[in-house]
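# Geometric and topological summary
Below are the chains, spelled out letter by letter.
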Amino acid sequence: MKARHRLKDNRDFRRVFQRGKSVATGRLVLYWHENRLTTFRAGFSISKKIGKAVVRNRLKRLLRACFLELGPKLENTPVDFVVVCRQGSADASYHELLSDLRKLLRRAKFMV
RNA sequence: AAAGUAAGUCGGGCAACCGCCGGUGCGGCGUGGGGACGCUGCACGGGAGGAAAGUCCGAGCUCCACAGGGCAGGGUGCCGGAUAACGUCCGGCGGGAGCGAUCCUAGGGAAAGUGCCACAGAAAUGCAGACCGCCGAUGGCGGCCGGCAUCCGCCGGCCGCACAGGCAAGGGUGCAACGGUGCGGUAAGAGCGCACCAGCAGCCUGGAGACAGGCUGGCUAGGUAAACCCCACCCGGAGCAAGACCAGGUAGGAGUGCAUAUGUGGUGGCCCGCCACGCACUCGGGUAGGUCGCUUGAGCCGGCUGGCAACAGUCGGCCUAGAUAGAUGGUUGCCACUCCAUAUCGUGCGAGGCCGUGGUUCCGCUUGUUGGAACAGGCCGUUUGCAGCACGCGGAGGACAGAACUCGGCUUACAGACUUGCUUUCUCU
RNA sequence: UGGGGAGUAGCCAAGCGGUAAGGCAACGGACUUUGACUCCGUCAUGCGUAGGUUCGAGUCCUACCUCCCCAG
């Protein structure tokens, strides 16, 4: 995941949470809101309640790998995404997270 | 061989593809007079731990007076050493556990003072106290006998009472009752006397010291300081969001109050001292970007020397992560490791393998619906050898855990693998 | 990074080093035709965990676990 696809600023996070829309599965919640750029950005929010630092870092890496896989299809959608991990996602594998994320993006009409 | 004990090492490996971070080199585009800066591409080599964790101690570093005086507060607490320092480490002493190797140990002071010691008990610290009990020597009362005396009475002996009184041995209470055991002693007793033991004080010897050993003395002093306290030693405060620089900016404005030092701030609980100076509140306005600090350090590895050791010295070699919504990853394959299945098949080894309190003997302890060893016994197999073992073919598993200024420790978590020393028991030669 | 606090029955909680108060809930009983109200009784195997000091620990000390709050 390149640096231009990362959502970093706290203001952007707040805007996505407050003005954006959301869909969810048992493991993940996806928030999104349109931005003024030419491509997408993605950020992750993983609470301390999910697990220790090792668990949280692993989830972020897995989610970044998922966006690396899905990136080419979203290159021309100017939207900010925020993925929130729910409590059951601590032991999820890469393939489980990838299929969940596909499902959410399809429900939000960004993918077919 | 089994059981145990101490110290230490490791914490899966290789490959392919797709990615991330920072470094070096070579390019492309844009801005700019240029040094440069921003975006971007390729190549090369680097990229988590033994605990990176908890943040419990100690330091470096930075700023506040290069950290000053006093009070308050906190910490440490047998002795000696190591160290930059420590509450850490090493060696020893005392005490405790274990057959032993070895392990554990906040271990100064209770004859400086104060507090507390519930319930029970007579009494809980005043060299106190007398419930049951022991005694009745001494004094008292009563009785009997004897002597003296004319009488009042006096003297002596014996017996009784338990009134005065003596006692703390025995019982009982309690975690603890003012040393313990024995002999003597006594009316009964008591360190009252003596012997030994424990404890205390003084002296001598050994040791660097904690302490150990011995002699002498007077006979006795409860526990608690992780209760206050006393003694000795140590500690100034904050923390990399420290701090420095760049851009921007606290500008400028309006109102109110206090004030020229007994004020406000730096400064932390307080006072002194030092330094700087108008300050506080309200309205209105504005910000939370970048660079450095940032990894060469009490550094790591190996050899030698000194030391019992912690460690120190010296020589040679090495450079080994620096992110900032926070890099060190994802997918797949193969190989090792552990466990489970091995029905069927292949290769090799191969004469034994498995069960065994539902019997006998012995051993151990948690002493009982208990565990282990040997034997009896049972099942399978043994010339054409698939009973069993190893490999191949199948499946599952791989812990604890993620650097955030850097070190030295401590504590806690941890699948599994390996090495070495030592102890006890058994067997064989 | 620094600082502060809490953990006691299912819930809310009090508790000088000396028998773990009290309320709600639950359960049993009485009252009632039945229920509610009321009354009586029962309920901690040890006070987050593990060690230690003490004759004795919820309380004191040490280490650890979990949760909450505050400042920048």
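Labelled according to an unreviewed UniProt entry, chain A appears under the name Ribonuclease P protein component, originating from Alicyclobacillus cellulosilyticus. Recorded under Sequence similarities (unreviewed entry), the UniProt text for chain A is reproduced unchanged: "Belongs to the RnpA family." We quote the UniProt Subunit (unreviewed entry) comment for chain A here in full: "Consists of a catalytic RNA component (M1 or rnpB) and a protein subunit."

## Looking at the side chain of His5
Mapped onto the fold, His5 is located in the segment before α1 (10-19). Among the polar contacts listed, one links the side chain of His5 to the side chain of Thr39, at a separation of 3.4 Å. Apart from residues lying up to four places away in sequence, His5 is in contact with Thr39, Phe40, Arg41, Ala42 and Glu75.

## Thoughts on the pattern of salt bridges
As enumerated under the stated definition, the model contains 3 salt bridges in all. Here Asp80 and Arg15 are joined by a salt bridge, their closest N and O atoms 3.5 Å apart. Of this pair, Asp80 sits in strand β4 (residues 79-85) while Arg15 sits in helix α1, placing them 65 residues apart in sequence. The partly exposed category is assigned to Arg15, whose relative accessible area is 25%. The partner of Arg41 in a salt bridge is Asp80, and the shortest N-O contact between them spans 3.1 Å. Taken together, the residues span a long stretch of sequence, with Arg41 in strand β3 (residues 41-45) and Asp80 in strand β4 at a distance of 39 residues. For Arg41, a relative accessible area of 15% gives the class buried. Linked by salt bridges that have partners in common, Arg15, Arg41 and Asp80 make up one network.

The rules behind these values
- Residues numbered from 1 in each chain as written.
- Chains lettered and ligands numbered in written order.
- Predicted model: local features only at pLDDT ≥ 70, side-chain atom pairs only at ≥ 80, totals over all residues.
- Heavy atoms only, no water.
- UniProt positions renumbered as here; feature names shortened; annotations may be inferred.
- Helix = DSSP H or I, 4+ residues; strand = E, 2+ residues; numbered from the N terminus.
- Polar contact = N/O pair within 3.5 Å; in protein donor to acceptor, adjacent residues only side chain to side chain.
- Contact = heavy atoms within 4.5 Å.
- Salt bridge = Lys/Arg side-chain N within 4 Å of Asp/Glu carboxyl O.
- Buried < 20%, exposed > 50% of the residue type's maximum accessible area, 1.4 Å probe, protein only.

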